[in-house]
Amino acid sequence: MLKKELVCIVCPNGCQVEALIEETPALKVLEVSGCTCDKGIAWVEQEIVNPMRTIASSIVVEQGDFELVSVRTDTAIPLGKIFEVMDIIQHKRVKAPVTIGDRLIENPAGVPCHIIATRNVGVQP
Amino acid sequence: MQVIKRDLVIIGGGPAGLAAAISARKNGLKDILLIERDKILGGILNQCIHDGFGLHTFREALTGPEYAQRYIDEFHKLGIEVMLETIVLSLDNNRQISVSSKEGFVKIQAGAVILSMGCRERTAGAISLPGTRPSGVYTAGAAQNFINLQNKQIGNRVVILGSGDIGLIMARRMTLEGATVAAVFELLPTPSGLARNVQQCLNDYDIPLFLSTSVFELHGTDRLTGVTVASVDETFQMIESTKRFVPCDTLLLSVGLIPENELSLGAGVNLEATTSGATVDDTYMTSVPGIFSCGNVLHVHDLVDHVSEEAALVGQSAVRYVTQKTVRDSASIPIEAKQDVRYVLPQTVSGKTDFTVSLRVTRPMANGVVMIKDKGRKVAGKKIVRLHPAEMIRVKVKAKNIETAEKLEVSVQC
């Protein structure tokens, strides 16, 4: 058994959390203390087994009234996959117009998520 | 010269200005003009492409541009007039505004004014950073603008001074964009930003954070070649034996924000030393009748949700001022910051309506109670598990509890 201290990142409260973990036979969270909501407890259980993050970046837009369209993953992805996904985002080019919510990349690096636009970009006047 | 007349003029089209304008319109005011110096509305949210905005307002984690767009869409749907690429040159105490617009110089007479100009960052000069003045030294927000809006890479090996949220967010952003962030240095013994940002922006990427440590010299002639850092003692004096050189080509400064109140000063608005923003009553009217203030120009917020909420209230107050020609509710009850409280806002209240006190504590504390007292009698209180200077605290006060109050004192009891 192992005790692990974490800071919950679900909301700005940033609760300081303690998780009691069993390492064998499989990684398992036995007890969580310090959370002030259910979302937090679910996050801690996930965090111990496989930390997940939403990431934000931007993609170059051709013929847009902005040079870049800001984007994010539409769901949290494994922390360990972030740089693979970033590599695909950095090499992608899209054409204007782009609308918030547009799916710009599907399943980058085989990760079950999509890269969606978070800004409207019009066509260059 | 022709003078345009408007019932309400809002200066600044960021989150505060947008929410104030929308609220004013929804409270029945038709003749509203919003002035924005940028080409687009949304203010600083446009460059804050990370997520985490709107958890209170929309119950979901939006990015800055998404959060802004919800307000921009509503603003346009309500058909509120806006002047973009227009800079306000001056504002006087009779609410006359001079602007430089695309059409040239214009004068505007406003029935009421809402100040929502936001804040700006402290620079290397503002913190008297010693050493040479090479290129490669940016405020974190300027770096964010270059990277997120202008598609410019600004450096490869980065040191960040200050652990404010923007600095932490930029540490992650630059790492994701392929730069190496060597370290974050913080003068204070605790991080200045939110704990969740230390976790998800630094710890996730193994970026070291050195507390009680600061940058004491910049090196390099054309481009930054490195910085000298050292630990500090409890009085923030450098400990000579800890001096070391950290090579880097880029230094980002995340060392605090200053409300942008030049226009307010020109109008004769009283400013508070603790917030660097206007002194306001519980309608958020400043010391000058008919001039209101909200958002980061009033006091620096950590959550945009609170900015929107505050600005909506101010929009409502401004409408009441314009339509009822009320001079001022006799806001005669002062509120003062006492034990472990750095500032409180508003600074005076009428006692006739319920209101919310915003405050910040002076130091990190655990299991405290924020107490609001009138001559020793408790009128409101809030239990808080962790109190931190980086996190604004808001406490609701009921009017019926302060009917007879003469002075309210806000303190923390642990």
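Residues numbered from 1 in each chain as written. Chains lettered and ligands numbered in written order. Predicted model: local features only at pLDDT ≥ 70, side-chain atom pairs only at ≥ 80, totals over all residues.

Undergrad: Outline the domain arrangement of chain B, supporting the account with residue identities and numerical values.
TA: Here the domain parsing of chain B yields domain 1 (1–120 + 257–328), domain 2 (123–255) and domain 3 (329–414). Summarising the inter-unit geometry, the C-alpha centres of domain 2 of chain B and domain 3 of chain B are found 35 Å apart. (Domains from an automatic or database assignment.)

Undergrad: Requested: an account of the nonpolar core, with residues and values cited.
TA: All names here are of chain B. Counting residues in each nonpolar core, the largest one holds 106 residues, and the members touching the most others are Leu 8 and Phe 292. Top element by residues in this core is helix α7 (residues 304–324). It accounts for 10 residues. Those residues in contact with Phe 292, other than ones at most four positions away along the chain, are Ala 112, Val 113, Ile 114, Leu 115, Tyr 284, Met 285, Thr 286, Val 314, Ser 317 and Ala 318. Of all hydrophobic cores here, the second largest spans 38 residues; its members include Ile 147, Leu 168, Phe 185 and Val 215. (Core = buried A, V, L, I, M, F, W, Y, C linked by C-beta atoms within 7 Å. Buried ≥ 20, exposed ≤ 12 C-beta atoms within 10 Å, placed from the backbone. Helix = DSSP H or I, 4+ residues; strand = E, 2+ residues; numbered from the N terminus. Contact = placed C-beta atoms within 7 Å.)

Undergrad: Residues and numbers for the sheet that holds strand β23 (residues 355–361) of chain B, please.
TA: All names here are of chain B. The three strands are arranged β21-β23-β26 in an open sheet whose pairing can be described as antiparallel. Two strands bound the open sheet, and with one partner strand each, they are β21 (341–345) and β26 (393–397). Strand-to-strand twist across the sheet, computed as the mean angle between neighbouring axes with direction ignored, equals 25 degrees. Sheet topology places β21 next to β23; four bridges connect them, and they run antiparallel. Directly across from Val 344, in β23, lies its bridge partner Leu 359. (Pairing = 2+ DSSP bridges. Axes fitted to C-alpha atoms, helices over the stretch in contact; angles between N-to-C directions.)

Undergrad: An account of the sheet that holds strand β8 (residues 93–95) of chain A is requested, with residue identities and associated values reported.
TA: Residue and element names in this part refer to chain A. Taken in spatial order, the five strands make up an open sheet running β8-β5-β6-β10-β9, and their pairing is mixed. If you trace the sheet from one side to the other, it starts and ends with β8 and β9 (103–106), each paired once. Across the sheet, the axes of successive neighbouring strands diverge by a mean angle of 35 degrees, strand direction being ignored.

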